[in-house]
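Letter by letter, the chains look like this.
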Amino acid sequence: MKLLEGKNVIITGASRGIGTGIAKVFADHGANVAFTYSSSEAPALALEKELTAKGVKAKAYKSNAASFSESEVLIANVLTDFGGIDVLINNAGITKDNLLMRMAEEDFDKVIEINLKSVFNMTKAVQRTMLKQRKGSIINMSSVVGVKGNAGQTNYAASKAGMIGFTKSVALELGSRNIRCNAIAPGFIETEMTAKLDEKVVQSWRDGIPLKRGGAPEDIANACLFFASDLSGYITGQVLNVDGGMLT
Ligand code: NAP
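Everything numeric in this text was worked out from a predicted model, so none of it was measured.

Definitions and cut-offs
Residues numbered from 1 in each chain as written. Predicted model: local features only at pLDDT ≥ 70, side-chain atom pairs only at ≥ 80, totals over all residues. Heavy atoms only, no water. Patch = residues over 30% accessible without salt bridge, like charges linked within 9 Å, V, L, I, M, F, W, Y side chains within 5 Å. Areas by Shrake-Rupley, 256 points an atom, 1.4 Å probe, with all protein chains shown as cover. Salt bridge = Lys/Arg side-chain N within 4 Å of Asp/Glu carboxyl O. Lys, Arg positive; Asp, Glu negative; His and termini not counted. Charge placed at Lys NZ, Arg CZ, Asp CG, Glu CD. Helix = DSSP H or I, 4+ residues; strand = E, 2+ residues; numbered from the N terminus. Buried < 20%, exposed > 50% of the residue type's maximum accessible area, 1.4 Å probe, protein only. Core = buried A, V, L, I, M, F, W, Y, C linked by side-chain atoms within 4.5 Å. Phe/Tyr/Trp six-rings, centres within 6.5 Å; stacked < 30°, edge-to-face > 60°. Lys NZ or Arg CZ within 6 Å of the ring centre and 35° of its normal. Near = heavy atom within 4 Å. Polar contact = N/O pair within 3.5 Å; in protein donor to acceptor, adjacent residues only side chain to side chain. Nonpolar A, V, L, I, M, F, W, Y, C, P; charged D, E, K, R; others polar.

Let's shift gears to a negative patch on the surface. Judged by side-chain charge, Glu-105, Glu-106, Asp-109 and Glu-113 come together as a negatively charged surface patch. In this fold, Glu-105 is placed in helix 4 (residues 105-133). With a relative accessible area of 62%, Glu-105 lands in the exposed category.

The next thing to look at is the nonpolar core. Ile-11, Ile-22, Phe-26, Phe-35, Ile-89, Ile-184 and Cys-224 are the most contacted members of the largest nonpolar core, which totals 34 residues. Those elements that provide at least two residues to this core are strand 1 (8-11), helix 1 (17-28), strand 2 (32-37), helix 2 (41-52), strand 3 (58-62), strand 4 (87-90), strand 5 (136-141) and helix 9 (217-228). Counting residues per element, this core draws most heavily on helix 9, at seven residues. Counting residues in each nonpolar core, the second largest holds 19 residues, with Tyr-61, Phe-82, Ala-171 and Cys-181 among its members.

So, about the packing of aromatic side chains. Overall, the coordinates contain three aromatic pairs when judged by the stated rule. Aromatic pair Phe-68 and Phe-120: ring centres 6.0 Å apart, planes at 25°, arrangement stacked. Of this pair, Phe-68 sits in helix 3 (residues 68-82) while Phe-120 sits in helix 4, placing them 52 residues apart in sequence. Relative to Phe-227, the ring of Phe-226 lies with its centre 5.7 Å away and its plane at 40°, an arrangement referred to as tilted. Residue Phe-226 is classed as partly exposed on the basis of its relative accessible area, which comes to 30%. By relative accessible area, which is 2% here, Phe-227 ends up buried. Over the ring of Phe-82 we find Lys-57; its NZ or CZ atom is 5.1 Å from the centre of that ring.

Counted by the stated rule, this structure contains nine salt bridges. Between Asp-230 and Lys-7 there is a salt bridge, with its nearest N and O atoms 3.8 Å apart. Remark: Lys-7 occurs in the segment before strand 1 and Asp-230 occurs in the loop between helix 9 and strand 7 (239-242); sequence separation between them is 223 residues. Lys-59 is the partner of Asp-81 in a salt bridge, and the nearest nitrogen-oxygen pair spans 3.4 Å.

Around the ligand lies a shell of 31 residues, among which Ser-39, Ser-40, Asn-91, Tyr-156 and Thr-191 are the nearest. Residue Ser-38 places a main-chain N or O atom 2.8 Å away from an oxygen atom belonging to the ligand. Take Asn-91: an N or O atom from its main chain is 2.7 Å from an oxygen atom of the ligand. If the ligand stood free it would expose 900 Å²; the protein chains cover 95% of that surface. If you list the elements that add at least two residues to the shell around the ligand, you get helix 1, helix 6 (154-174) and helix 7 (192-195). Looking at the shell around the ligand element by element, the count peaks at three residues for helix 7. Class assignment of the residues belonging to the shell around the ligand gives a composition of 13 nonpolar, 15 polar and three charged.

Here it is in structure tokens:
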């Protein structure tokens, strides 16, 4: 059964990793997919082609999620190209890890801008459309690190915890208009973001996960599919840990 037939979806940061996984699963479920990237043009164009071959409309847009004005232009372009937006997934994110003692101010600011300010930019740009439609689903990609903290990631943890507060507040503001807003807190998902980590550290993370493996982008995509579809029609303001039991 296709759960998103004919729905228009926008995903930030889908040229790699989790975003690419979401785009593919959504296209398999009949969604038209607009997605962004910041610099990976070749993989983004290849994904656009792959999604289109599945029989849905798909388009890659170069757009910096940290920029308010670029986000406004992006949403206007997507509305022109797709005719509507039913689902927004705020997925773009970066890390710039260091102990607080060594963390440069610009590395704190950059992570907050790209991971958290982007969520404000995109949600604000899309809300008028969803208000007019009187429906919509917004999904924010937080992290287990935003729930429990992590040494060496004060900037990242603050951005991801901020996304949770933002999610719950949007759920309260927009619920009466049938717009839902939920967050996903992935655990350790094997992508380029985590490939930078030392293999010994990675193995010790895997050993500590009750399901004894890192997650795949598809594990996160399936949770997004639930929040995007009508199956979760009575769920808003929630944070779903998709972490193999890590936070249990
Ligand atoms: P990734 O492989 O590093 O991919 C990041 C994506 O974000 C890329 O498509 C990148 O585009 C895009 N991006 C970066 N800066 C951007 C900007 N300013 N504007 C627009 N797009 C931008 O990361 P991932 O592992 O798939 O993670 C995706 C999300 O899940 C992130 O928010 C991350 O914090 C969260 N998460 C990941 C894990 C994990 O274990 N992997 C765990 C918890 C949460 P370019 O390719 O053009 O740079």
